[in-house]
Protein chains: 2
Amino acid sequence: MLPKKFLECLDREGIVAIGSSSAKGEVHLVNTWHRFVLVTEDERLLIPAGGMTRTEENVGENPRVELTLGSGEVMGEKAPGVGFLVVGKAEFLDHGEELEAIRAKCGFGSRVLVVTPESCTQTM
Amino acid sequence: MLPKKFLECLDREGIVAIGSSSAKGEVHLVNTWHRFVLVTEDERLLIPAGGMTRTEENVGENPRVELTLGSGEVMGEKAPGVGFLVVGKAEFLDHGEELEAIRAKCGFGSRVLVVTPESCTQTM
């Protein structure tokens, strides 16, 4: 499901925004760097969580999240620059192979944010 | 209110994520490029809107938005890389000096998204 250009973005420097909403419907965004995202073989996104306490609270109330990322260096249709929107379900795990994998990649993380994408759309 | 490093990020290439939520509390993210953000003298953020239809619908129901942006090239406390979270109120305008200003800067925009920040926090 994840397009090749999406994966190319993750190989460049850039910022991932992770949007969630509380039970009351209040939006919250948190961001991390492309280099901290691990794509599993079954195309889940693993992201180390140090803080992210409001995102974790929100995900406990409503697991639906949206993520955006992109790169000005990856070629778009006519010129360099692409961006993607991922819609998916998220959960935080404080143990298990996903946490071990993200700690091995990034060197930190008290929990791991696991996003299971339902769609991944090129938006720009 | 807007820190110097925030403005430095806008001068570098990068992506802005704009998060909103519907009356039902469903989060939605849309993104644009740093170069399309115009900071007014009174520190509002003007962003050209071509599509952004869901964001516009959401803002009509709940004007509270969160934005993230950052740059791996701007110096943080110990190493390069900073990110910011803006919390504010948003509205879409289809006429007026804000729309004219953003069209003059970017060359497009059927409407302009105007964000009035309530806070701007360095998050990484």
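Shown above is the structure to which this text applies.
Rules and cut-offs
- Residues numbered from 1 in each chain as written.
- Chains lettered and ligands numbered in written order.
- Predicted model: local features only at pLDDT ≥ 70, side-chain atom pairs only at ≥ 80, totals over all residues.
- Heavy atoms only, no water.
- Buried < 20%, exposed > 50% of the residue type's maximum accessible area, 1.4 Å probe, protein only.
- Helix = DSSP H or I, 4+ residues; strand = E, 2+ residues; numbered from the N terminus.
- Pairing = 2+ DSSP bridges.

### Topic: the pairing of strand E1 (residues 15–21) of chain A
On a regular strand, each side chain points to the face opposite its neighbour's, so the side chains alternate between the two faces of the sheet.
Residues and elements named next belong to chain A.
Here comes step 1: Burial within E1 is extensive, with seven of its seven residues counted as buried.
Here comes step 2: Residue alternation in E1 divides its side chains into two sets, Ile 15, Ala 17, Gly 19 and Ser 21 and Val 16, Ile 18 and Ser 20, and both sets are buried.
Here comes step 3: Direction of pairing for E1 relative to strand E2 (residues 27–33): antiparallel, over a ladder of seven bridges. Residue pairing across strands places Ser 21 opposite Val 27, the latter belonging to E2.
Here comes step 4: Remark: five residues form the turn of the hairpin made by E1 and E2, two consecutive strands paired antiparallel; Gly 25 in that turn has positive phi of roughly 85°.
Here comes step 5: Pairing geometry for E1 and strand E5 (residues 64–75), over three bridges, is antiparallel. Looking at the pairing, Ala 17 lines up with Thr 68 of E5.

### Details of unusual backbone geometry
Residues and elements named next belong to chain A.
Here comes step 1: Phi at Glu 43 takes a positive value of approximately 65°, unusual for a residue other than glycine.
Here comes step 2: Take Glu 43: it is sitting in the loop between strand E3 (38–39) and strand E4 (45–49).
Here comes step 3: Glu 43 sits in the partly exposed class, given a relative accessible area of 26%.
Here comes step 4: Residue Met 52 is not a glycine yet carries a positive backbone phi of 60°.

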